[in-house]
Amino acid sequence: MSPSMSSVSDSGAWLDRPAWSLAADTRSGAIDPVDLVQAHIARIEAVNPAINALVSDRFTAARREAMRLRSVPPPLRGPLFGLPISAKEFLGVAGMPQTGGIAARAHHTAATDGTVVARMRAAGAIVLGVSNVPEGGLWMETYNTIWGRTRNPWDRARTSGGSSGGEGALVAAGAVALGLGSDIGGSIRIPAAFCGVAGHKPTGGLVPNTGHFPPASPDAGRFLCTGPIARTVADLRLALSVIAGPDGADPACTRSFSPTQPLPDLRGVRVLPMPSNGSMWVRPVMRQAIQEATDVLQARGATVVHAELPRLKKAFGIWSAMLSEASDERYDVILGDGRPISPGRELLAMLAGRSQHSLAGLLLTLGDKLAGSLPGMARSLVEDGLALQAELEDALGPRGVLLHPPYSRPAPRHGDAWRTATDAACTAIFNVLESPVTVVRTTFESRGLPVGVQVVGCRGADALTLDVAEVLEADLGGFVRAEPA
């Protein structure tokens, strides 16, 4: 293959273009994959010192892979041909760190690619590196004692979210064309919302988690969802078409995904706005985003409906109870890499400056132990969760979506998320309900922080939530690249 028509002068525009558009041009030869990869490497080198999102790179290998792609004949070029991507450090990338942000695993590297990474690479994507995570996951701020803290590219004094906070920051800054994250309580959707990009938590059991650390038991594997973070909703759809479907290794993954053409209009679609779950104070700007999204969808032909879902008030307790019942992994064992830690002893050691753990990890370990000590209450909450799942799907039907805030407020300052820690119930409840959820930015608030909404559907309705989110994106948002100051 001769050198493409692309040039270095095009590279700035590439950082703003949707991944599907870039892939179309690399497949046609209009963009040289070497140039595209180098443009994104240069962007990472420019912004990563400010945001600390990519924690380990494979730039040399990525350049070699891009060179090899030049010789691939057009009929063999995959749907992600030449796309520069990154993956959350929880997802196995052969030869790259896979510590989970846990000090006891500081020298651990992945022996093989996890299934989703392998599928992305088989489709032509080029992995530039792995991104930062909180210690062991399960927290909305991305910090650990190995890699440090990731900062929001819109305001470095604020969190990028978690636990896929590195991915959200990289995509928002235009440093990668696509990102791979995972979500067991909002870990794709909160970073997407805080960083102003698109994210999709698939239906439970749609995407295999093979190669993910921490691992999930077969039952909890329905709640842990690997999925994409991207510049646009169309990019989410493209990525999902590549990574979805059983791999024969993950017993929880039994579903398949068939991408459809975007809806020409929203006639026949039901929209249920839910600006709060009734148990938390949701900031006016988040409520206004739900109203604006509802108005847009109604103007496009959707029917607005209303329903009472009183069990949503118990969202955080339901999530905690259902996750605890399904999981055979204890958080104290995860943080000790197979050997349980004493959170009380480690908290005392932290006061003396001698603990290798983060405060979030230790407090979450204490919470996990407490949840396990209340089996009677947990069983009642599990029953509430199953009832809520049925009530939600009955209210929506096969052509309905729920609009819900992804959090009670825009991105908090570092450390301030503790004041509203249980507000992660906004996202977490939909993991245990196994609902597909797409997050899309709708506006910016007065301080310049992104504001987004969640589009929630019935199990299996991933194509519908993506379609509805794409309408919102077209009328209210679209990708705007962050410039870390």
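Keep in mind the model is a prediction, meaning the values are calculated, not measured.

### Here we look at the overall build of the protein
Phase 1 of the analysis: For the protein, the helix and strand inventory stands at 16 helices and 15 strands.
Phase 2 of the analysis: Rg of the C-alpha trace for the protein: 21 Å, near the compact-globule value of 23 Å for 485 residues, within the 12% margin.
Phase 3 of the analysis: The dimensions of the protein, computed from C-alpha atoms along their principal axes, are 70 × 60 × 45 Å.
Phase 4 of the analysis: Every one of the 485 residues in the protein was classed for burial, and the buried ones make up 62%.

### Quick look at the nonpolar core
Phase 1 of the analysis: Ranked by size, the top nonpolar core spans 98 residues in total, and within it Leu 80, Leu 83, Met 120, Leu 178, Leu 297 and Ile 429 carry the most contacts.
Phase 2 of the analysis: Every residue in contact with Leu 178, bar those within four places of it in the chain, is listed here: Ala 19, Leu 80, Leu 83, Pro 84, Ile 85, Ser 86, Met 120, Val 171, Ile 229, Ala 230, Asp 235 and Ala 239.
Phase 3 of the analysis: Ala 62, Ile 126, Ala 175 and Phe 479 belong to the second largest nonpolar core, which has 31 residues in total.

### Some points on the sheet that holds strand S9 (residues 198–201)
The pairing of strands in a sheet happens through backbone hydrogen bonds and is either parallel or antiparallel.
Phase 1 of the analysis: Strand order in the open sheet formed by eleven strands is S1-S3-S2-S8-S10-S9-S14-S15-S13-S11-S12, and the pairing between neighbours is mixed. Lying at the two open borders of the sheet, with one neighbouring strand each, are strand S1 (54–57) and strand S12 (303–304).
Phase 2 of the analysis: Bridge count for S9 against strand S10 (residues 225–230) is two bridges, and the pairing is antiparallel. Among the inter-strand pairings, Ala 198 is bridged to a residue of S10, identified as Ala 230.
Phase 3 of the analysis: Those strands touched by helix H5 (residues 115–122) are strand S2 (84–88), strand S3 (126–131), strand S8 (178–183) and S10, and its axis lies near 160° from that of S8.

### Some details on the side chain of Thr 365
Phase 1 of the analysis: Inspection of the secondary structure puts Thr 365 in helix H13 (residues 359–372).
Phase 2 of the analysis: Judged by its relative accessible area of 1%, Thr 365 is buried.
Phase 3 of the analysis: Within the structure, Thr 365 has its side chain in polar contact with the backbone oxygen of Gly 361 (distance 2.8 Å).
Phase 4 of the analysis: Beyond its immediate chain neighbours, meaning those up to four positions away, Thr 365 contacts Tyr 331, Asp 332, Leu 335 and Pro 343.

### Observations concerning the pattern of salt bridges
Phase 1 of the analysis: Enumeration according to the criterion identifies 27 salt bridges in this entry.
Phase 2 of the analysis: In this structure, the salt-bridge partner of Arg 70 is Asp 32, at a minimum N-O distance of 2.5 Å. Here Asp 32 lies in the loop between helix H2 (19–28) and helix H3 (33–51) and Arg 70 lies in the loop between helix H4 (59–69) and S2, a separation of 38 residues in the sequence.
Phase 3 of the analysis: Judged by relative accessible area, Arg 70 falls into the partly exposed class, the value being 24%.
Phase 4 of the analysis: Assessed through its relative accessible area of 3%, Asp 32 is described here as buried.
Phase 5 of the analysis: Beyond isolated ion pairs, a larger network of salt bridges with shared partners links Asp 16, Arg 43, Arg 481 and Glu 483.

Reading the values: the criteria
- Residues numbered from 1 in each chain as written.
- Predicted model: local features only at pLDDT ≥ 70, side-chain atom pairs only at ≥ 80, totals over all residues.
- Heavy atoms only, no water.
- Helix = DSSP H or I, 4+ residues; strand = E, 2+ residues; numbered from the N terminus.
- Rg over C-alpha atoms; globule rule 2.2 N^0.38 Å.
- Buried < 20%, exposed > 50% of the residue type's maximum accessible area, 1.4 Å probe, protein only.
- Core = buried A, V, L, I, M, F, W, Y, C linked by side-chain atoms within 4.5 Å.
- Contact = heavy atoms within 4.5 Å.
- Pairing = 2+ DSSP bridges.
- Axes fitted to C-alpha atoms, helices over the stretch in contact; angles between N-to-C directions.
- Polar contact = N/O pair within 3.5 Å; in protein donor to acceptor, adjacent residues only side chain to side chain.
- Salt bridge = Lys/Arg side-chain N within 4 Å of Asp/Glu carboxyl O.

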